[in-house]
Amino acid sequence: MDSSSIAATSSENTLHAPYAPLPEQPNSHHEPSTKVRRPLKIFSVVFLLSLLALIVKQSQQPSPQPNKNQSAAQSAAVPVPRGVAEGVSAKSSPSYLNDGLSYNWTNAMFSWQKTSYHFQPENHWMNGPLFHMGWYHLFYQYNFDSAVWGLIRWGHAVSRDLIHWLYLPLAMVPDQWYDINGVWTGSATFLPDGQIVMLYTGDTNTSLQVQNLAYPANLSDPLLIDWVKYPGNPVLFPPPGIGFDKFRDPTTAWMGPDGKWRLTIGSRINETIGISLMYKTTNFITYELLDGLLHSVEGTGMWECVDFYPVALNGSNGLDTSANGPGIKHVLKASLDNTKVDYYAIGTYDPVRDKWTPDNPEEDVGIGLRVDYGRYYASKSFYDQNKQRRILWGWINETDTEQDDLQKGWASVQTIPRTIVFDSKTGANLLHWPVEEIESLRLKSTEFEQIVIAPGSVIPLDIGSASQLDIFAEFETELISESTGEEYGCGGGAVARSSLGPFGLLVLADDSLSELTPVFFRPESSTDGTLKTYFCADETRSSKADVFKQVYGSTVPVLENENLKMRILVDHSIVESFAQGGRTVITSRIYPTEAIYGAAKVFLFNNATSVNVKATLKIWELNSAFISPFPFGEY
C-alpha cells in the first residue's frame, strides 16, 4: 500500500468561489487561518431526536391511495409501487410525473452506477444469512425474470470473507401451493445437534401469507446447495384477528429457560398498532401462540422484518441469539411498512413472561432510533460464530423510476455487512460499523493533516480516482465570532448556513460542483448554552436526473472532549456514512450524470458563518470485489 502525506496549502487548493448557491455570501477569497482562536467545546449529547417529519417524505411515505369518493379513472391515475397489491412493502419508486425514463441515460452512465464492492446479482431485482463450514451464506429475495419486483425466488451466494461473493444456483423456488406466489423472507436457526432449520414466508395460491419450514438436504455440503421443503408445510397460518396479508418474516429462534424455542413474527392490529407475535416450539413443526405479545407500539402500523437479539453491555463481541442473563440487553428492531424505515430500541427481555420492555419509552420501536437514517430497509442480522460477532445486512432500494431500472437491467443493492455492538460510552444506542474485511480492498492511501477550512470555503482533495473510496475524516472547530441559538437540523441541507455549520465532505462531485453529495456535521447551540450536533447527507444536488432526492440525517451523540469524526464508503452510486464510530449512519443512493468516472472528485467544505474548521483525513482507494458465479469445475 502506497501512502503519502500531503499538507494542503491555502490559496493553491481553495476554490475562490462561495459554496454555490449562496447569494448572500460575498465573493471574497477565504484564506485558511493559522491564528489561534477560542476553541469551540463540543458538549455531550446523548438524546437522539427523530426527524421523521423532515426525513420521511415523498416516496418513503405510503403510496397515495385513492379515497372512496374518487372515480375509477382518478384511482387508475395514481401509481402504486410494485409489491403493495401483493401484500408486502413497496418495492419500487414509480414516477409521479411520467411513465418514462428520469433522464436521457447513456450506457456509460448505467455501467458506472453498478457498484464494485457491494453485493448484488448479475442482473435483475433483489432484496437468512448464516455461517457454515467455512462459508458465509447469503440468501436473498430475487426476481430471476426482470429488474422490477415480481415472482420472488431465493437467490444464494457464498463468501469466505463477506466481501468477495460467488453465486450459487437458486436455493428455493415457488413450486408448491403454499409458496407458489413467492418465496419471501426467512431466517435460519442452528440447533444444538448441528442441524439448520429455515423458516420462511410463503405467498400461497390464494395470496395468504404463511410460514414454512425448510432444511438442507445435505449438512455435510459446505455450500448447502440443495434445500428440502417440509412435506407438511405450512407450519403456521395467520392467527385469528391477523390479516391474511399481515403475517410475515419469522425471526431466528432462541432458546428459553424452559428448553423451548421462541420466535417472533411481525404484524399489526387495529390498522395502527405494530406488534410482534410470540410463538413457542420444540420441533419447528408444531407451535404454541402465546397469549401476549413480545411488544407493541401504537401508531407505528405494520411491522415487517422484525429482528430480536441480545447485546453485551461491555465488550466488543456479539452474542448468540439465545444468550441472556446479567450484563445483557436485548434489541428489538422492526421495519415499518408505512414509512419504509428500520427502527430499533434497546430494552430488557423477561424470558419467563416473554415480554420485552424498552429502556426509554420515548425512544421505543418506531418512534426513536433508526438503524440507518438514509435509504435503507428490511435489515437482517445473524450471529457469526466464526468470529463471535453479530452482523447486519440491509437493503438499498432504488429511487429512480421503474423504467430506469428496466433500461439498465438491474435494481437494488445490499449494504456492506456491519457489526453491531452496544455503545457503552453513551449507554443509549448501538454502534453500526463496516466489517473489518472491507479493509482487504484498500489500495493506495493519501493523508491530509490539519487543513484549515475558512467559512464559505471549498477545498479540492487531489486523490485520483474517487468512485471507490474509504474515507476517515476528523474535524476540529474554533469560533471566530459569537454564535447564537439556532435550529436548522438537517432539513435545509448543506446550503442552509448557520453560525456553526454545515461542514464536511463533498463526495461524487464534479469540478464545477454542478453535481455533489455533501456529507456533513451541523453543531447547533441553543439559547441555554447547550449544544447538539446533527449528522446529515444531502442528495438534493447529487444528480441532474429527475429522481427522488432528499436530505437525510439526525442528531448524533458527541461526548465531551470528542472531536467530530466520520467515515464514508463510496462505491459509485452508493454512499454509506458513519458518524462517531457508528452512532448515526446514513446510506445514500444517488445517480450522478456528470460526476462519474474520472470526473468524480472529493472536496472539503465549510459553509458555517462563524467557525474555522480544521480537518485531518486519510483516504484509501478501494479495489473491486470479486463477485461472480461459483467455479464448480475448480473445486
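Above this text is the structure in question.
Residues numbered from 1 in each chain as written. Predicted model: local features only at pLDDT ≥ 70, side-chain atom pairs only at ≥ 80, totals over all residues. Heavy atoms only, no water.

Time to look at the sheet that holds strand S37 (residues 601-606). Strand-to-strand pairing in sheets goes through backbone hydrogen bonds, with the strands running parallel or antiparallel. With antiparallel pairing, the six strands of this open sheet are ordered in space as S28-S37-S30-S31-S32-S33. Unpaired on one side and paired on the other, strand S28 (457-461) and strand S33 (551-555) mark the two borders of the sheet. The average angle at which neighbouring strand axes cross in this sheet is 20°, direction not considered. Pairing of strand S31 (residues 517-525) with strand S32 (residues 531-538) involves seven bridges; the strand directions are antiparallel. Residue pairing in the sheet places Phe520 in a bridge with Cys536 of S32. (Pairing = 2+ DSSP bridges. Helix = DSSP H or I, 4+ residues; strand = E, 2+ residues; numbered from the N terminus. Axes fitted to C-alpha atoms, helices over the stretch in contact; angles between N-to-C directions.)

The description of an aromatic ring pair rests on the distance of the ring centres and on the angle between the ring planes. For the coordinates displayed, the defined rule picks out 29 aromatic pairs. Arranged with centres 6.0 Å apart and planes meeting at 85°, the rings of Trp254 and Tyr349 form a pair that is edge-to-face. Placement of Trp254 in strand S11 (residues 254-255) and of Tyr349 in strand S18 (residues 341-350) is noted, with a sequence separation of 95 residues between them. Lying over the aromatic face of Trp135, Arg160 brings its terminal NZ or CZ to 3.9 Å of the ring centre. Here the basic side chain of Lys408 rests over the ring of Trp410, its NZ or CZ set 4.4 Å away from the ring centre. (Phe/Tyr/Trp six-rings, centres within 6.5 Å; stacked < 30°, edge-to-face > 60°. Lys NZ or Arg CZ within 6 Å of the ring centre and 35° of its normal.)

The two faces of strand S19 (residues 355-358) differ: Trp356 and Pro358 on one face are buried, but Lys355 and Thr357 on the other face are not. Pairing of S18 with S19 involves four bridges; the strand directions are antiparallel. Across the sheet, the residue bridging to Thr348 is Thr357, located in S19. Linkage of S18 to S19, two consecutive antiparallel strands, is achieved through a turn of four residues, within which Asp354 is found at a positive phi near 55°. (Buried < 20%, exposed > 50% of the residue type's maximum accessible area, 1.4 Å probe, protein only.)

What follows deals with the state of the cysteines. Simply put, disulfide is the name for a covalent bond between the sulfur atoms of two cysteines. With the rule as written, the count across this model stands at one disulfide. Two residues share a disulfide in this structure: Cys490 and Cys536, whose sulfurs sit 2.0 Å from each other. Between Cys490 and Cys536, the disulfide has an S-S torsion of -75° and is therefore left-handed. Note that Cys490 is positioned in the loop between strand S29 (468-479) and strand S30 (503-509) and Cys536 in strand S32, a separation of 46 residues in sequence. One exposure class covers both Cys490 and Cys536, and it is buried. (Disulfide = S-S within 2.5 Å.)

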